[in-house]
Amino acid sequence: MTTAPTRDAAVPRQAMVGIFGGLFAGYLGLTAVIPVLPAFLRDSHDAGDFTVGLVVTVTAVTALLVRPVAGALADRHGHRTVMLAGALVVAAGGLLYLLPLSVPALVAVRLLLGAGEAALFTAGAVWTVALAPHHRRGQLIGLYGVSMWGGISAGTFLGATLQQVSFTAVWVLSAAAPLIAAGLIAMVPTPPRTAPTGGGGGLLLRPALLPGIALTFGAAGYAGLAAFVVLHLDARDIGHGVVVLSCFSAVYAGTRLVIGHLPDRLGPRRVAAWCGVGEAVGLAVIAVAPNLPVAVVGSVIMGVGFSLLHPSLALMVMNRTDPARQGAAIGAYTSFWDLGLAVWGPVTGLVAAGFGYPAVFTAGAACALVAAALAVRIGRPVTTPTEVRAG
C-alpha cells in the first residue's frame, strides 16, 4: 500500500519546468496559426466562411475522441512517452503547413493536430497529478491550466505578429515551438508507473462521468461570453467588450496563481459548488449590465468562479479513480470540455437569435447553477482517510 505524500513533500522542480514549459510551448505552436488561417484560406484557396470555420475548429473532433485513449495509453506506457509523442505530432503538423496543401489536406492536418493536442495535454495533466504532493494536486492542476492559457495567448499574439512577415514564418513557428516542447519534456526523468487494471471506459468511465457532465454545463457560460459579450455590449451602446474579455482572462489566471490551493484546502466539492454559483452570478451581472464598470465587475466575479471550477472537478475525478487508471479518467473528464464547447457554441447562437443577447448570459448562468448542483451530488471517494478528507 502506497502512503500519501506528506505535507512538506517537495514538488520536483525539474519535472514541473519540463511539463509546464512543454505544455506552454506546445500550445504556442498549436495556436500561432489560429489568427492566420482565415486570411490564408481566403488568399490561397478563395475559401468561404463555412470552410474557414471547418478548418479552424475541426481539431476539436479528434481531441474529443482521442483524449480518453491518450489517457489510457499514458497509464499503460508512461506519461512522458505519450506527452512527448503528442508534442512530436504537433510539430509534424506544423511542418506539414509548409507543403502546398489543398483544403481537404489542411483538414486532415488539423485532425492530426487535434490528436497531438489531446495526447500532449492529457498525459501532462495526469503526470502533474502523479508527481504532486497530495495536498497540492488541485493547485497544480490549476497552474497546469495557466500554462496552457499562457501558451494560447502567446501563440495567437506571435502568430498575428509574424503574419506581417509571411505565412511561412508562422508555419515555421508552429513547428519549432512544439519541438522545443518535446525537448523540455524529454529532459524530465521517466516517472514510475503502475500497470493498469481493467479496460478503458471512454467518455463513460464512471469516476469521470458526473464531474464531466458538470464541466459541460460550466462551459456554457464561457462559450456565451467568448462569442457574444462584444455584440451584447455593442447592442447596449456600451462597447469595449474586448476589455471585459481581457479582465475575465486576467482574473482567470490570477485566481489560479493566488488562491489555486483552495480545492486542496477546503475540499474540491465545496469549492466546485461555490465556483458554479460565482460563475452564475457573474454571468447574471453581465446580462443586465447598464454600463462598462458593471460589466467588468461581472467578468471579475465570473473569472474567479470559473477559474477554479475545472481543477476542483478534476481533483474529484482523481480522488475517485484508481491510480493505475487516472490517465484514462482525466482524459475522459477533459473530453467533456470539448463536448461542452461543441454543444453550447451552436446552442448559444440559437438562443441569441431567438431571445436576444442577454438571454445568452442568463442561460449560461442557469447552466452554471446546474454545474454547482451536480458538484454537490458527486459522492465522496472511498479511499484513504486523507483522500476522503480532501474529497
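Residues numbered from 1 in each chain as written. Predicted model: local features only at pLDDT ≥ 70, side-chain atom pairs only at ≥ 80, totals over all residues. Heavy atoms only, no water.

## Structural notes on the overall build of the protein chain
No. 1: From N to C terminus, the protein chain includes 16 helices and zero strands.
No. 2: For 391 residues, the compact-globule estimate of 2.2 N^0.38 gives 21 Å, and the C-alpha radius of gyration of the protein chain, at 20 Å, lies within 12% of that figure.
No. 3: Along the three orthogonal principal directions, the C-alpha set of the protein chain runs to about 60 × 50 × 35 Å.
No. 4: Expressed as a percentage of the 391 residues in the protein chain, the buried residues total 52%. (Helix = DSSP H or I, 4+ residues; strand = E, 2+ residues; numbered from the N terminus. Rg over C-alpha atoms; globule rule 2.2 N^0.38 Å. Buried < 20%, exposed > 50% of the residue type's maximum accessible area, 1.4 Å probe, protein only.)

## Some words on unusual backbone geometry
No. 1: In this model, Asp237 sits at a positive phi of 60 degrees, which is unusual for a non-glycine residue.
No. 2: For Asp237, the location among the structural elements is in the loop between helix H9 (206–235) and helix H10 (241–259).
No. 3: Look at Asp237 and you get exposed, because its relative accessible area is 73%.

## Some remarks on the packing of helix H6 (residues 103–131) against helix H14 (residues 326–355)
No. 1: Where H6 meets H14, the axes come as close as 9 Å, and the angle between the chain directions of the two elements is 125 degrees. Taken together, the axis directions place H6 and H14 in an arrangement best described as oblique. The element H6 and its partner H14 pack so that their crossing is right-handed. In this structure, H6 uses Phe121, Thr122, Ala125, Val126 and Val129 to contact H14, whose residues at the interface are Gln326, Gly327, Ile330, Gly331 and Thr334.
No. 2: Grouping the constituent residues of the contact of H6 with H14 by class yields five nonpolar, five polar and no charged. (Axes fitted to C-alpha atoms, helices over the stretch in contact; angles between N-to-C directions. Parallel < 35°, antiparallel > 145°, perpendicular 65-115°, else oblique. Left-handed = near helix turned anticlockwise from the far one by under 90°. Contact = heavy atoms within 4.5 Å. Nonpolar A, V, L, I, M, F, W, Y, C, P; charged D, E, K, R; others polar.)

## Focus: the pattern of salt bridges
No. 1: On inspection of all chains with the given rule, the structure shows two salt bridges.
No. 2: With a shortest N-O distance of 3.1 Å, Arg67 and Glu117 are connected by a salt bridge. With Arg67 in helix H4 (residues 59–77) and Glu117 in helix H6, this residue pair connects regions lying 50 residues apart in the sequence.
No. 3: A relative accessible area of 4% places Arg67 in the buried class.
No. 4: Linking Arg67 and Asp338 is a salt bridge whose minimum nitrogen-to-oxygen distance equals 2.5 Å. Taken together, the positions of Arg67 in helix H4 and Asp338 in helix H14 put the pair 271 residues apart, joining distant regions of the chain. Residues Arg67 and Asp338 agree in their burial class; the two are buried.
No. 5: The network of salt bridges with shared partners includes Arg67, Glu117 and Asp338. (Salt bridge = Lys/Arg side-chain N within 4 Å of Asp/Glu carboxyl O.)

## Some points on empty space enclosed by the protein
No. 1: All chains considered together, the criterion is met by one cavity of 30 Å³ or more.
No. 2: Quantified by volume, the largest cavity comes out at close to 50 Å³.
No. 3: If you trace the largest cavity, you find it lined by Phe121, Ala125, Val126, Val129, Ile141, Tyr144, His310, Ala314, Ile330 and Thr334.
No. 4: In terms of residues, the lining of the largest cavity owes the most to one element, H6, which gives four residues.
No. 5: Here the residues of the lining of the largest cavity are counted per class, giving eight nonpolar, two polar and no charged. (1 Å grid on protein atoms, 1.4 Å probe; cavity = no way out; pocket = protein on both sides within 12 Å on 5 of 7 lines; lining within 4 Å. Points joined across faces, edges and corners; volume = space filled by probe spheres on them.)

## Considerations on the confidence of the model for the protein chain
No. 1: Looking at the protein chain, pLDDT values average 85 and 90% of them are 70 or higher.
No. 2: By mean pLDDT, helix H16 (residues 385–390) is the weakest element of the protein chain at 36, and helix H8 (residues 167–186) is the strongest at 96.
No. 3: pLDDT under 50 marks residues 197–202. Its contacts with residues more than four places away, or in other chains, come to 10 contacts.
No. 4: In the predicted structure, residues 382–391 sits below a pLDDT of 50 and forms 19 contacts with residues beyond four places in sequence or in another chain. (pLDDT = per-residue confidence, 0-100.)

## Regarding the nonpolar core
No. 1: Among the nonpolar cores identified, the biggest contains 100 residues, and Met83, Leu313 and Phe361 are the most heavily contacted of them.
No. 2: Per-element accounting of this core gives the leading share, 12 residues, to H6.
No. 3: Leaving out residues up to four positions away in the same chain, Met83 has contacts with Ile19, Leu23, Ala119, Leu120, Ala123, Gly124, Trp127, Tyr144 and Ile185. (Core = buried A, V, L, I, M, F, W, Y, C linked by side-chain atoms within 4.5 Å.)

## A few points about the layout of surface pockets
No. 1: By volume, the largest pocket is sized at about 1,800 Å³.
No. 2: Around the largest pocket sit 46 residues that line it, and Trp149, Ile152, Tyr222, Trp337 and Leu341 are the ones nearest its centre.
No. 3: With 10 residues, the single largest contributor to the lining of the largest pocket is helix H7 (residues 137–162).
No. 4: Partitioning the lining of the largest pocket into residue classes produces 29 nonpolar, 12 polar and five charged.

## Here's the deal with a nonpolar patch on the surface
No. 1: The grouping of Trp274, Val277, Val281, Val297, Ile301 and Leu369 at the surface amounts to a nonpolar patch, some 530 Å² of accessible area in total.
No. 2: The dominant element in the nonpolar patch, judged by the number of residues it contributes, is helix H12 (residues 268–288), at three residues.
No. 3: Along the chain, Leu369 falls in helix H15 (residues 357–377).
No. 4: We classify Leu369 as partly exposed; its relative accessible area is 45%. (Patch = residues over 30% accessible without salt bridge, like charges linked within 9 Å, V, L, I, M, F, W, Y side chains within 5 Å. Areas by Shrake-Rupley, 256 points an atom, 1.4 Å probe, with all protein chains shown as cover.)

## Some remarks on the packing of aromatic side chains
No. 1: Per the stated rule, a full pass over the model turns up 17 aromatic pairs.
No. 2: Ring geometry for Phe40 against Phe167: centres 5.2 Å apart, planes inclined by 80 degrees, an arrangement best described as edge-to-face. Of this pair, Phe40 sits in helix H2 (residues 37–45) while Phe167 sits in helix H8, placing them 127 residues apart in sequence.
No. 3: Among the residues examined, Phe40 registers a relative accessible area of 14% and is labelled buried.
No. 4: When the centroid spacing of 5.7 Å and the interplanar angle of 40 degrees are considered together, the rings of Tyr222 and Trp337 count as tilted. Here the residue Tyr222 occupies a position in helix H9, and Trp337 occupies one in helix H14, the gap between them amounting to 115 residues.
No. 5: Among the residues examined, Tyr222 registers a relative accessible area of 19% and is labelled buried.
No. 6: Taken together, the ring pairs connect Trp149, Tyr222, Phe248, Tyr252, Phe306 and Trp337 into an aromatic cluster. (Phe/Tyr/Trp six-rings, centres within 6.5 Å; stacked < 30°, edge-to-face > 60°.)

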